[in-house]
Amino acid sequence: MKRFFFAIIACFVFTIAHDGPHAFAQIQKQELEQYISSIGWTMEDLLNYLDDYQMTVADFQTIDELKQWLGTPITEENFHQLLTRYQLTQEELEALLGQFGETVQDYTFIDDLDAAVGFYLRHNEQMQQINDMLGAIGFTEKEANRLFAHIASLHHQNLKQQLEALSARIQPFLQVEDATQLTKQQKKQLFSIWEDVLAALEIQPKFYLEKNGDKQEVSYHRILSMDTLGGRNLRVELYNQKGELLSDVQLSEEMFTSGYVFRAGEKLIDASALASEMKEKMYGEKMPDTASPYLANMLLGLLFVLLGAYVYWRARSKLAE
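First, a word on scope: everything that follows refers to the structure included in this document. (Residues numbered from 1 in each chain as written. Predicted model: local features only at pLDDT ≥ 70, side-chain atom pairs only at ≥ 80, totals over all residues. Heavy atoms only, no water.)

## Regarding the nonpolar core
Right, on to step 1. Within the largest apolar cluster, 35 residues are counted, with the highest numbers of intra-cluster contacts made by Leu159, Leu201, Ile203, Phe207 and Leu234.
Right, on to step 2. Looking at this core, the elements with two or more residues in it are helix H8 (141-152), helix H9 (159-170), helix H10 (184-201), strand E1 (204-211), helix H11 (220-225), strand E3 (233-239) and strand E4 (245-251). (Core = buried A, V, L, I, M, F, W, Y, C linked by side-chain atoms within 4.5 Å. Buried < 20%, exposed > 50% of the residue type's maximum accessible area, 1.4 Å probe, protein only. Helix = DSSP H or I, 4+ residues; strand = E, 2+ residues; numbered from the N terminus.)

Written as structure tokens, this is what we have:
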């Protein structure tokens, strides 16, 4: 028993030595505060940033490790290098970011800004089309950005694939010009697509019929059974799982009875897929290296367990004597 116990200790000590002097190091609060102050952040800013990557300060052993992971702060020099590389003026860059509801001031690190500019340039035309379509049904720029941010915050690993499948399912309806001619089976298919979209995006909808300031809540099942809104408008409110309003859109009688609503639905799915891809591309490049001292920590836990077992065994042995 003693040989086994001391073998575990030797293994643990070897692991600690192999991981180096920082195996259980922790970032000192004072040096952390000095650093975040130097880049113009507050502690809340840092914690929110790390939370976007599902991380905390405890995931880093030293301040240098944290700095390296965060990247290089934006300076006048590297900012102009970025503009030159993408052949943009500062005004053009601001216009590009504005299309996605952002400004240069939203970025602290040149690596993040670089990733965003590259992604946005590749998808700028697509985003303009999405904004035009969603704007026609009442999405304000603020609401579109809020919805975009909500989708980007979701943690589904296969969300992009789900949305691509849903986009394929809605394709047959995009050529429909008169929604009143849909069969009962087609309406059932649409209901299934709509439910799957909302479930994938973790969105709760509420539907209202409006006329002259009067608003009456209705179920989606009832909407599906209607061929006309009777001169009323259809208002759709979209909420997240916390009950916070993301957007508030309105469909006229003409939109409701034409194929326009299907094409708007496709753009909503496209916007969702774009937000998911943005997270995958821009956040994925900065995911943490998980090869930190987890083995040492695991062995430490095992050591305590064995120590307790050894003490218990010795106590029992003495009582037996």
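From this point, the discussion proceeds with the structure in view.
## A closer look at helix H6 (residues 90-99)
Right, on to step 1. Where H6 is concerned, the buried positions are Leu93, Leu96, Leu97 and Gln99. Around the axis of H6, the buried residues are gathered within 155 degrees of arc, so they sit on the same side. Exposed positions of H6 whose direction lies more than 90 degrees from the buried face are Glu91 and Ala95.
Right, on to step 2. Just beyond H6, the residue with positive phi is Gly101, at close to 75 degrees. (Arc of directions from axis to C-beta.)

## A short note on H9
Right, on to step 1. In a regular helix each residue adds 1.5 Å, so twelve residues correspond to 16 Å; H9 covers 17 Å between its end C-alpha atoms and thus fits that length.
Right, on to step 2. Of all the positions in H9, only Leu159, Lys160, Leu163, Leu166, Ser167 and Ile170 are classed as buried. Angularly, the buried residues of H9 cover 125 degrees about the axis, an arc narrow enough to put them on a single face. (Expected span 1.5 Å × (residues − 1).)

## Digging into the pattern of salt bridges
Right, on to step 1. Tallied over the full model, the rule gives six salt bridges.
Right, on to step 2. In this structure, the salt-bridge partner of Arg169 is Asp196, at a minimum N-O distance of 2.8 Å. Here Arg169, found in helix H9, pairs with Asp196, found in helix H10; they are 27 residues apart in sequence, far enough to count as distant.
Right, on to step 3. Overall, Arg169 belongs to the partly exposed group, its relative accessible area being 33%.
Right, on to step 4. For the salt bridge of Glu237 with Lys215, the shortest nitrogen-to-oxygen distance reads 3.4 Å. Taken together, the positions of Glu237 in strand E3 and Lys215 in strand E2 (residues 214-218) put the pair 22 residues apart, joining distant regions of the chain.
Right, on to step 5. Through salt bridges with shared partners, a single network forms among Glu210, Arg235 and Asp248. (Salt bridge = Lys/Arg side-chain N within 4 Å of Asp/Glu carboxyl O.)

## Quick notes on the sheet that holds E2
Right, on to step 1. Overall, antiparallel pairing links the four strands, which are arranged E2-E1-E3-E4 in an open sheet. Lying at the two open borders of the sheet, with one neighbouring strand each, are E2 and E4. Adjacent strand axes in the sheet meet at a mean angle of 25 degrees when their direction is disregarded.
Right, on to step 2. Here E1 runs beside E3; their pairing, made up of seven bridges, is antiparallel. Each bridged residue has a counterpart across the sheet, and for Pro205 the counterpart in E3 is Leu238. (Pairing = 2+ DSSP bridges. Axes fitted to C-alpha atoms, helices over the stretch in contact; angles between N-to-C directions.)

## A look at the pairing of E4
Right, on to step 1. Buried residues dominate E4, accounting for five of its seven residues.
Right, on to step 2. Here E3 runs beside E4; their pairing, made up of six bridges, is antiparallel. Directly across from Leu234, in E4, lies its bridge partner Leu251.
Right, on to step 3. Between E3 and E4, which pair antiparallel one after the other, the connecting turn spans five residues, and Gly243 there sits at a positive phi close to 85 degrees.

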